[in-house]
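# Commentary on secondary and tertiary structure
Chain by chain, the residues:
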Amino acid sequence: MEQTTAATTGAPTSESIRALNERIQQASSFVDLIDHEMEKAIVGQKDMVQKLLVALLADGHILLEGMPGLAKTLAIKTLSEAIDVGFSRIQFTPDLLPADLIGTMVYSPRSEEFSVKKGPIFSNFILADEINRAPAKVQSALLEAMQERQVTIGAQTYKLPEPFLVLATMNPIEQEGTYPLPEAQTDRFMLKVVLDYPRKEEEKLIIRQNTRAGAAVKPQKVVGPQDIIRARQLVREVYMDEKIEHYIVDLVYATRKPDQYRLGDLSSLIGFGGSPRASINMALAAKAFAFTKRRGYVIPEDVRAVCPDVLRHRIGLTYEAEAENITVREIIDRVLNTVEVP
């Protein structure tokens, strides 16, 4: 009777899920290879490396917030070397122009014609260093490329290479001379990861690694871009039960209508909650997280692992919350501890 119902409703059977799980276990073997290569250059910051892989596999982008010197640049550069893709580092400054990012039309007196000179955005991995130091028109040029995966120069539209990943960094301690990203633009980032200082033991290893004699260890190329593209397609096939979908919707909806989830005291602290893009990105990130754990199905722990990074930049605090020194992370923790887990 159960098999008949499953076939009628289109729900996957236990056999199909088992087969999918076996396929993903085989296809996700490169995750361990990438982790091994990343460990050669980066000590600690395992959460950042994990979320980099999640965003890459889920076809999303990351906004990193952390103090200088926490290996943000090194992380994405090492990842690009391990995956054998192009890498561009763009230092955002107040005098940066959109043409410096996407490219422009150049006139040739010899041929008396205009030709296209493509900018550094035409690469696989883009490090937008201190994105909030550039004015809004430059930020918009980058975010348009992130969303549409294409750039228009003159009358021509050019597709960006695949895979395409933007890692933007922000310095939390310097606000003078910066242009904060509007909420509608930060919503384009799948994850916002906040980095902390390494532990004492990790910092000792960092010192040894950066002061020893000899050349630095260079990561080996262990994966090709086509492997990542195929893995992205497989991530979409990871099974997510309807109860998990309902759990994701409840988590996001609790940031909009907290009084409906026994969180009425948060109503005066939350200015606005997560958008529908938060629900989509949480589902995709949870699937990618399950893939990195070499599973063909999503469990509640996958959702809880990515939830803070998905919601962190999508919840607006009121003046009352700021006056009481309430942080977004505290609100997310309340939501995670209150919403019923399936």
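One structure accompanies this document, and this report is about it. (Residues numbered from 1 in each chain as written. Predicted model: local features only at pLDDT ≥ 70, side-chain atom pairs only at ≥ 80, totals over all residues. Heavy atoms only, no water.)

Across all of its chains, the model carries two aromatic pairs by this definition. Here the aromatic rings of Phe30 and Phe291 are separated by 6.3 Å at their centres, their planes lie at 45°, and the arrangement is tilted. A residue pair is termed long-range when its members are at least 10 positions apart, and Phe30 in helix α3 (residues 30–41) and Phe291 in helix α12 (residues 276–292) qualify at 261 residues. Judged by relative accessible area, which is 0%, Phe291 ranks as buried. When the ring of Phe122 is compared with that of Tyr158, the centres are 6.4 Å apart and the planes differ by 85°; the resulting orientation is edge-to-face. (Phe/Tyr/Trp six-rings, centres within 6.5 Å; stacked < 30°, edge-to-face > 60°. Helix = DSSP H or I, 4+ residues; strand = E, 2+ residues; numbered from the N terminus. Buried < 20%, exposed > 50% of the residue type's maximum accessible area, 1.4 Å probe, protein only.)

It is worth spelling out the pattern of salt bridges at this point. Applying the stated criterion across every chain yields a total of 21 salt bridges. Glu130 serves as the salt-bridge partner of Arg133, at 3.0 Å between the closest nitrogen and oxygen. Residue Asp302 pairs with Arg295 through a salt bridge whose shortest N-O separation is 2.7 Å. In this structure, Asp302 and Arg295 share a single accessibility class: buried. A single salt-bridge network, built from bridges that share partners, covers Asp47, Lys51, Asp309 and Arg312. (Salt bridge = Lys/Arg side-chain N within 4 Å of Asp/Glu carboxyl O.)

Further remarks concern the packing of helix α4 (residues 46–57) against helix α5 (residues 72–83). Two packed helices can be described by the angle between their axes and the distance between those axes. Remark: α4 packs on α5, axes separated minimally by 11 Å, with the N-to-C direction vectors making an angle of 50°. On the basis of their axis angle, the class for α4 and α5 is oblique. α4 and α5 meet at a crossing whose hand is right-handed. Note on element contacts: α5 touches α4 through Lys72, Ala75, Ile76, Leu79 and Ile83, opposite Met48, Leu52, Leu53 and Leu56. Classifying every residue of the contact of α4 with α5 gives eight nonpolar, no polar and one charged. (Axes fitted to C-alpha atoms, helices over the stretch in contact; angles between N-to-C directions. Parallel < 35°, antiparallel > 145°, perpendicular 65-115°, else oblique. Left-handed = near helix turned anticlockwise from the far one by under 90°. Contact = heavy atoms within 4.5 Å. Nonpolar A, V, L, I, M, F, W, Y, C, P; charged D, E, K, R; others polar.)

Just geometry here; none of it tells us what the structure is for.
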